[in-house]
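Now for the letters of each chain:
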Amino acid sequence: METKKPKLDIEKPAIAKAFDVLVIALFAAALVYLLLQWNQLPDRIPAHFGANGEVDRYGSKIELLLLSVIGIVMWVGLWIVEKYPYMFNYMNLRPDNVEIQYRYGVLFMNVIKNLSTLVVVFLLWQSVDIALARIDSLNAPILITLLVLLFGAIGVYFYKVLKL
């Protein structure tokens, strides 16, 4: 039997609001950095990386703009979704846990939105630096940390929800 999902007004936690501000600031800084370096960028820039962090495909520098647009669309799209937790699919939703499920859902969506955007910020920054020969390959420890945080957040969310 499925629990009817009520429309509750769930306030975004202060930590989620702070995370939004931090990620927006970092994304804006990455865009400014890209624009400041634009004229120095070669026509061919890193467009894909292998598992070892080495460039395995080059493309047009327009692809950096495309990556920026993808990052913006993704962040805005997930920000909109985050506002409607009653539309999410939930495991084990019952009348006695609807509010906590919604709270977890809002926080989960915020973390996924912001960590995914940080991956885009990282790729923009690294692609520019590789294209300008400032570095040779992706900074693997930072990328691995971001991915561990992203997939770890998914694991923590499912662990918490399954305990309800």
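A brief look at the structure comes next. (Residues numbered from 1 in each chain as written. Predicted model: local features only at pLDDT ≥ 70, side-chain atom pairs only at ≥ 80, totals over all residues. Heavy atoms only, no water.)

1. Observations concerning the overall build of the chain
When helices and strands are tallied, the chain shows 4 helices and 2 strands. Ordering the α and β elements of the chain from the N terminus gives α-β-β-α-α-α. With the C-alpha coordinates aligned to their principal axes, the bounding extent of the chain is approximately 60 × 25 × 25 Å. The proportion of buried residues among the 164 residues of the chain is 38%. Across the chain, contacts joining residues at least 24 apart in sequence account for 71% of those joining residues at least 6 apart. Entry remark: accessible area of the chain is about 9700 Å², with carbon and sulfur atoms responsible for 68%. (Helix = DSSP H or I, 4+ residues; strand = E, 2+ residues; numbered from the N terminus. Buried < 20%, exposed > 50% of the residue type's maximum accessible area, 1.4 Å probe, protein only. Contact = heavy atoms within 4.5 Å. Areas by Shrake-Rupley, 256 points an atom, 1.4 Å probe, with all protein chains shown as cover.)

2. Observations regarding the packing of aromatic side chains
Working definition: an aromatic ring pair is given by the centre-to-centre distance plus the angle between the planes. Counted by the stated rule, this structure contains 7 aromatic pairs. Consider the rings of Tyr84 and Tyr86, whose centres lie 6.1 Å apart with planes at 90°: the pair is edge-to-face. Between the aromatic rings of Phe108 and Tyr157, the centroid separation amounts to 4.2 Å while the plane-to-plane angle is 25°, which identifies the pairing as stacked. One end of the pair, Phe108, is in helix α3 (residues 98-131); the other, Tyr157, is in helix α4 (residues 140-163), with 49 residues separating them in the sequence. Connected via pairs of aromatic rings, a cluster forms that spans Phe88, Tyr90 and Tyr102. (Phe/Tyr/Trp six-rings, centres within 6.5 Å; stacked < 30°, edge-to-face > 60°.)

3. A closer look at the pairing of strand β1 (residues 44-49)
Direction of pairing for β1 relative to strand β2 (residues 55-60): antiparallel, over a ladder of 5 bridges. Bridged to Phe49 within β2 is Val55. Between β1 and the antiparallel strand that follows it, β2, lie 5 residues; Gly53 among them carries a positive phi value of about 90°. (Pairing = 2+ DSSP bridges.)

4. A word on unusual backbone geometry
You will see that Asn92, though not glycine, has its phi angle at about 60°, which is positive. Structurally, Asn92 is set in the loop between α2 (62-82) and α3. Given a relative accessible area of 37%, Asn92 falls into the partly exposed group. Even without being glycine, Ala133 reaches a positive phi, approximately 60°. Within the secondary structure layout, Ala133 lies in the loop between α3 and α4. Judged by its relative accessible area of 66%, Ala133 is exposed.

5. Here we look at the packing of α2 against α3
Following both chains from N to C, one finds α2 and α3 inclined at 170°, their axes separated by 9 Å at the closest point. Between α2 and α3, the interaxial angle falls into the category roughly antiparallel. Side by side, α2 and α3 meet where Leu64, Leu67, Ser68, Gly71, Met74, Trp75, Leu78, Trp79, Val81 and Glu82 of the first sit next to Val106, Met109, Asn110, Lys113, Asn114, Ser116, Thr117, Val120, Leu123, Leu124, Ser127 and Val128 of the second. When the residues that make up the contact of α2 with α3 are grouped by side-chain class, the tally is 13 nonpolar, 7 polar and 2 charged. (Axes fitted to C-alpha atoms, helices over the stretch in contact; angles between N-to-C directions. Parallel < 35°, antiparallel > 145°, perpendicular 65-115°, else oblique. Nonpolar A, V, L, I, M, F, W, Y, C, P; charged D, E, K, R; others polar.)

6. Focus on the side chain of Asn97
Of note, Asn97 is situated in the loop between α2 and α3. For Asn97, a relative accessible area of 3% translates into the label buried. Here Asn92 takes part through its backbone oxygen, which lies 2.9 Å from a polar atom of the side chain of Asn97. Those residues in contact with Asn97, other than ones at most four positions away along the chain, are Asn92 and Leu164. (Polar contact = N/O pair within 3.5 Å; in protein donor to acceptor, adjacent residues only side chain to side chain.)

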